[in-house]
Amino acid sequence: ASGPIDASFSLAVVSDYRFRGVSLSNGKVAVQPEVSISHESGAYLTLWGSNVADNGGDDIELDVTLGYSKEFGKITADVGVVGYFYPGASGLNYGEVLGSLSTAVGKGSVAMNVAYAPKQNNIGSNDNLYLGVSGEMPVADTPLTLNASFGRENGAFGNRKLDWSVGVDFDIEGFTAGLKYIDTSRTFGLPKSGATAVFSVSKEF
């Protein structure tokens, strides 16, 4: 029988680490482990990591998220705070407040997401607002799930910046393989941040 606290671990390998459309691994393969601990009350703690392109002596990103999720009828609300940490390059660390509302649509789901970074020295003493919508839909009687997302960002990380993706996941033998097309309206001069196909393989333990 399950207890009041659940823990899970997952590991993903992606051909390119894209964050809101922009490559943070300079187009290279990234390994991304995640540990999640949740309480029956709805509170949860998530630790997520990835290798990134060298950032002033650092090539690791660690995200720590503390949040709370609760269902209100057919709507699931999720709020939390996340810290983005770069060991060895602490001048890049920053935090965001997160929120989302999601609901089932047939056998799939759709979510509206918001992320707000208050003014901080490490992001140029500016704030940043990201608004997005995402969804997924299983393909009947197949191991395939279609997914898509669209987002708009304004502030420290790009004024009127847009990003979008469409993809498909394939579940087989306990693994999930994915293929996703990702693009963004602003690449900030990063040569590996143009439109691309990202391949992924992940497994939850």
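Please read all numbers here as calculations on a predicted model, not as lab measurements.

As for the environment of Pro33
Part 1: For Pro33, the location among the structural elements is in strand E4 (residues 30-39).
Part 2: Taking the C-alpha atoms as reference points, Pro33 and Leu11, separated by 22 residues in sequence, lie 4.4 Å from one another.
Part 3: Pro33 has contacts with Phe9, Ser10, Leu11, Leu47, Trp48 and Gly49, leaving out every residue within four places of it along the chain.

Brief notes about the packing of aromatic side chains
Geometrically, a pair of aromatic rings is defined through the distance of the ring centres and the angle of the planes.
Part 1: Under the defined criterion, the tally for this structure stands at five aromatic pairs.
Part 2: Taken together, a centroid distance of 5.2 Å and an interplanar angle of 55° make the contact between Tyr94 and Phe157 tilted. Of this pair, Tyr94 sits in strand E8 (residues 94-105) while Phe157 sits in the loop between strand E11 (144-155) and strand E12 (161-172); the two residues are 63 residues apart in sequence, bridging distant segments of the chain.
Part 3: Given the relative accessible area of 10%, Tyr94 is considered buried.
Part 4: Residue Phe157 is classed as partly exposed on the basis of its relative accessible area of 26%.
Part 5: Three or more aromatic residues link up through ring pairs in this structure, and these residues are Phe19, Tyr84, Tyr94 and Phe157.
Part 6: The side chain of Lys203 reaches across the aromatic face of Phe205, ending 5.7 Å from its centre.

Points about the environment of Glu71
Part 1: Structurally, Glu71 can be placed in strand E6 (residues 58-72).
Part 2: For Glu71, a relative accessible area of 60% gives the class exposed.
Part 3: Sequence spacing of Glu71 and Gly42 is 29 residues, and the spatial spacing of their C-alpha atoms is 9.1 Å.

Concerning unusual backbone geometry
Outside of glycine, negative phi angles account for most residues, and trans bonds account for most peptide bonds.
Part 1: If you check the backbone angles, Arg160 has positive phi at about 55° while not being a glycine.
Part 2: Assignment of secondary structure puts Arg160 in the loop between E11 and E12.
Part 3: Positive phi is not limited to glycine here, since Glu173 has a value of about 50°.
Part 4: If you trace the backbone, Glu173 turns up in the loop between E12 and strand E13 (175-184).
Part 5: Looking at Glu173, the relative accessible area reads 72%, which means it is exposed.

Brief notes about the pairing of E12
Part 1: Bridge analysis of E11 against E12 gives ten bridges, and the strand direction is antiparallel. Across the sheet, the residue bridging to Ala148 is Val166, located in E12.
Part 2: Inspection of the sheet shows E12 paired to E13 by ten bridges, in the antiparallel sense. Looking at the pairing, Asp163 lines up with Thr184 of E13.
Part 3: Between E12 and E13, which follow one another and run antiparallel, lie two residues, and Glu173 among them has a positive phi close to 50°.

Reading guide: rules and limits
Residues numbered from 1 in each chain as written. Predicted model: local features only at pLDDT ≥ 70, side-chain atom pairs only at ≥ 80, totals over all residues. Heavy atoms only, no water. Helix = DSSP H or I, 4+ residues; strand = E, 2+ residues; numbered from the N terminus. Contact = heavy atoms within 4.5 Å. Phe/Tyr/Trp six-rings, centres within 6.5 Å; stacked < 30°, edge-to-face > 60°. Buried < 20%, exposed > 50% of the residue type's maximum accessible area, 1.4 Å probe, protein only. Lys NZ or Arg CZ within 6 Å of the ring centre and 35° of its normal. Pairing = 2+ DSSP bridges.

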